Structures are given as structure tokens and as C-alpha cells.
Amino acid sequence: MTPADLAVLLHAATSTVLTDHGLDPSALPESVVVERPRNPEHGDYATNIALQLGKKVGVNPRDLAGWLAAELSSRQGIATAEIAGPGFVNIRLAADAQNVVVAGVIERGAAYGTGTTLDGLRVNLEFVSANPTGPIHLGGTRWAAVGDALGRVLSAEGAAVTREYYFNDHGAQIDRFARSLVAAALGEPTPEDGYAGAYIGEIAAQVLGAAPGALDLPEAERLETFRARGVDLMFAQIKANLHEFGTDFDVYTHENKMFESGQVDKAIAELKANGNLYENDGAWWLRSTAFGDDKDRVVIKSDGEAAYIAGDIAYFKDKRDRGFDLCIYMLGADHHGYVVRLKAAAAALGDDPDRLEVLIGQMVNLVRDGQPVRMSKRAGTVITLDDLVDAVGVDAARYSLIRSSVDVNIDIDLDLLVSQSNENPVYYVQYAHARLAAIRRNAEALGLIAATDHLELLVDRAEGDLIRTLGDFPAVVAAAAQLREPHRVCRYLEALASTYHKFYDRCRVLPQGDEEPTDLHAARLALCGATQQVIANGLAMVGVSAPERM
């Protein structure tokens, strides 16, 4: 019985209790919360539903808890149910009900942990979207890992996810990039507002290799040649780096096309028509204060040039026109102000602002030998995706960036991530998977086959802890998707690895010496197989490999 199964049973039992005692069953919420007690001596699971309902239905919560405990004790799959404190109910599962989890994991295999809470939801997930003016910096690398993992957990819950990269190829930053390339090709210093770093010289050389006469062109044509070819080369490199990092996109949308296709003009015309764009001092302003913003925003400047938000408005409209139910934007730490203004823009278009979500990611710092790492050898001023991968590898880089909430700054210790120790979280989880794979190989050599026929023999405390932890996985994935928090999967995997290592130290899985294999050995081997499967499933959800050997 999984926590989800127990929650359904609890809901039914509570409804029966309320009806039997002449109380209003409509007071019962749609779902009942089931939690693992901090102290395992208190039971396998606990619920506070009696505390929630007591006041609503006009009875003492402890009395309601007593009635519920009695009802639960009569239900199949429940070993004991006891009152605790002012109205909690502590529950112990019967061994046969608990061990259904092991068989369920083995039966579902790679699908175990997936759910249907987001079935039918079409999600546009936009992340990274770094300007094509340089390599992806550490902040963008965090989004490359977290965004990809979020896409995986949303898909695991049934959402149809489209990963999208917004290609910022319109505006002043591209002009500065082009001038920097020309300066490098001419052997001149980097312009004051330009981009520096070895990569600029490399791209400039590639442009000259493809267009040898580029420097002899008239100035405007020369600048356009370096701009167009340079942007293409830079973005090709960004795509290649992301692919090697395990992050790929379904759609690449060019900001410039928002303007060239007339989509910006159409969005502006719509806002003018509905009265949410007004003219003042020669500029056109979005009436965003009417939708919760702290001030109205300039959309068309007094010189006729479009402000940055003009493209954002057209882009959101384009996403919704493509049929997406939910548009998730993953932005950097310096974009807090965008949350309200983007939602205001959606509302101004007559759309539901809740169809738009913005996640803000905080900063990442690298540490080596106890000191901050601040300078990239290639990019010159920032640490890049390549720098991190070169230092620790793809798996460690991805895992370390995903395992913390995006709401917090993180320090990544490069020395720790290359160490083979239990303090290294990705090593700790991957080692558990590799150890389980070794047990499977050794069992095959002994002719021992995993079997689920006698799972009732798994009665040791360590076995129960491991089984209940396996049962938690579907709820963890559902919460990670609903809350947009893929780090929950990493933290769960670390807890599962810890629980497994304790089981391994306490419960011998394979026969030793001349010992004959028993049903208990076969049952424990099945438990190990289920654990290996869940670790592999969890690592796949964050895009990290599950090695067979380490």
C-alpha cells in the first residue's frame, strides 16, 4: 500500500465514521494528508484529519480520532491504528499491504513514479534563453539543468511539455557583439561597451575563414556580415554545449521574428483597441498599474522604437495562440521586476494571468580549495557551462545545480564534487545504484532469482523503512511537478540511498559460503531490484546517469 493508497483508504474510512456518528461528511476535504512520523516508533504513517475536522463537525478531535482509529483497525491492510496527542492517528500497515509496494515497483519498472495529475495540460517551458553574445554563464547553466529536470517531472505527471529557447537576436546587445567581433578581426582593442574574452577572437577568426573578404567590405556591410555570421556561430556553439550537457529544446523562437513577422505590431494594435495602451508625451504606455504593476510601462518610446517589453507581450500572445495552457518562464536573479509586468501584460491582453508563471533563479558560486572561483579562462569575465563541466563532469554539474531550491543562492564545492565520498551527494546516490547492480550480478552468479512470492517475510525494521521510502516516490514526483521544484527528487534520492545503505548493513541479501538460498534471500533480492529501479527512475528524472559500476 502506497501513501496514495492509504490516503484513499483514510478518506473512505473518515467518511464512514462521520456518517455513522450523524456528522456531516461534506466537511471532509477532497484528499486526506498522510505523513511519515519523524519518530518511526510512532508508526508507519500518521494523519491529522481528526484535528482538521473536529471543529468543523462540532466534536472533540480526540474523540473523532478514536472513532477513526477503531474504523481503520477493521480495514484490510491496517495492522494497528492508535490515537496520539490531541487528535493525531498513528498507523501501522500490515506486512502484506506494505510489501505490495515492492511488487508494484517491479511491475511498473521505468514507469514507477509517474502520475496523471497534469494529464492534458499543454505547457510551454522557456528556460536558458541566453543572449547569443557569449558562452552560457553559470546562472544560465543552473537553468539548463533545473529547466530540463522540471520538464522531465512535468512530463512524468502527464503534461505535454514543449521546451523553448527564446533567441534574443534583436537589440543593442547584438550590435555590441558585432562591433566586438570586428575589433578582434582588425586586431583592435575591445570597444568600451563590447564583449571581451578569448571566444570573441575565436569567432572572429571563424567569420574570416568563412568570409575572407569581410574586412574589405563597406563598414555597414562588414558589420552586418560579422553580426549575422557571428550570431549563427555563437548560437551553434551554445546549442552544442547544451546538448552535451543533456539539455535539448523542441523550439527555438527568434525575437527578431516577433518584429519582422508583424506580431509585435498586432499585439500593440490589440492593446490600443482595448484601451490598455495609451499615448503620453509621444510614447505609448501599457496601463499595467490597472493589473497590479507598480507603474505603467513604456511599450513604444517617443522616438518610435519598441521597448523590450513590446517583444515580451507579442511573445506571450504567440505562445497562447499556439495553444499552450500554461507558459512557464525561468528567469535570472536580476529579473524580479518582470514577474508582475509580464502578468500585467497577459491581463491587458484579456488573458488569465495565472496562465503565466515566472520562476526566478538565484546566484551560483563556485569554490575550490576554500576560495571562490571567479574567472573563466575562455570567457574572461564569467564562469561558463564548459568551465563547470570541465571541472566536475556532466552528472555532478547537473545534480549539484538541481538539488537545491532555485530560491536560494548556492555554493558549489568543486573539490567535493570530484571526491568519491559519502559527502558528495551525486556520488552517494550513484554508488547506491552501482552497489545494487553488483548485488544483482552476484546473485546471477549464484543462480539466485528475485521473487515476489514471499514478500511477507520482509518484516525487519530496516526492510520496512526501505519499502515505505520506495512507496513515497510517486508523491515526491507529483509534488515536484505541482510546486515546480525538481530539487525534491534529488533530496528524495539521497534519503532513499541512506535508507538503502542502512538496510544493506543490517540485512544480508545473498547466501554466504555453503548456505542454501531461501525464500527470504529471494524476497530481499526483489526489494533490492525495486530499490535499484527507483533510484534509476529518479536519476533519469533529473537527467543524471545511473552507473552499473563505479
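These figures come from a predicted structure and were not determined experimentally.

Trainee: Just to check I follow, could you spell out the nonpolar core for this structure?
Mentor: When a protein is soluble and globular, its nonpolar side chains tend to lie buried together. In this structure, Val128, Leu154, Phe177, Leu242, Met330 and Phe503 are the most contacted members of the largest nonpolar core, which totals 109 residues. With eleven residues, the top contributor of residues to this core is helix H20 (residues 519-541). Aside from chain neighbours lying at most four places away, what touches Phe503 is Ala462, Glu463, Leu466, Val509, Leu527 and Cys528. Within the second largest apolar cluster, 30 residues are counted, among which are Leu10, Leu28, Val59 and Val89.

Trainee: Where do I start with the UniProt feature "domain: Arginyl tRNA synthetase N-terminal" (unreviewed entry) in the protein chain in this structure?
Mentor: The positions UniProt marks with the feature "domain: Arginyl tRNA synthetase N-terminal" (unreviewed entry) are residues 4-93. Across residues 4-93, helical content stands at 43% and strand content at 18%; the span's end C-alpha atoms are separated by 13 Å.

Trainee: Can you help me understand the pattern of salt bridges in this one?
Mentor: Where charged atoms from two side chains of opposite charge come close, those side chains can pair. Tallied over the full model, the rule gives 25 salt bridges. Close ionic contact of Asp293 with Arg297 constitutes a salt bridge, the shortest N to O distance being 2.8 Å. Comparing Asp293 with Arg297 shows no difference in burial state: the two are buried. A salt bridge links Arg468 to Asp465, with the shortest nitrogen-to-oxygen separation between them at 2.8 Å. Within this pair, Arg468 and its partner Asp465 are both found in helix H18 (residues 461-482), separated by three residues, close to a single helical turn. Using a relative accessible area of 9% as the deciding quantity, one classes Arg468 as buried. The exposure class of Asp465 is partly exposed, given its relative accessible area of 21%. Counted as one network, the salt bridges with shared partners bring together Asp148, Arg152, Arg163 and Arg398.

Trainee: How should the pairing of strand E8 (residues 283-286) be read in this particular structure?
Mentor: Every other side chain in a regular strand lies on the same face of the sheet, so the side chains alternate between the two faces. In the sheet, strand E7 (residues 277-280) pairs with E8 via four bridges, with the strands oriented antiparallel. Counterpart to Glu279 in the pairing with E8 is Trp284. Pairing geometry for E8 and strand E9 (residues 297-300), over three bridges, is antiparallel. Residue pairing across strands places Leu286 opposite Arg297, the latter belonging to E9.

Conventions we followed
- Residues numbered from 1 in each chain as written.
- Predicted model: local features only at pLDDT ≥ 70, side-chain atom pairs only at ≥ 80, totals over all residues.
- Heavy atoms only, no water.
- Core = buried A, V, L, I, M, F, W, Y, C linked by side-chain atoms within 4.5 Å.
- Buried < 20%, exposed > 50% of the residue type's maximum accessible area, 1.4 Å probe, protein only.
- Helix = DSSP H or I, 4+ residues; strand = E, 2+ residues; numbered from the N terminus.
- Contact = heavy atoms within 4.5 Å.
- UniProt positions renumbered as here; feature names shortened; annotations may be inferred.
- Salt bridge = Lys/Arg side-chain N within 4 Å of Asp/Glu carboxyl O.
- Pairing = 2+ DSSP bridges.

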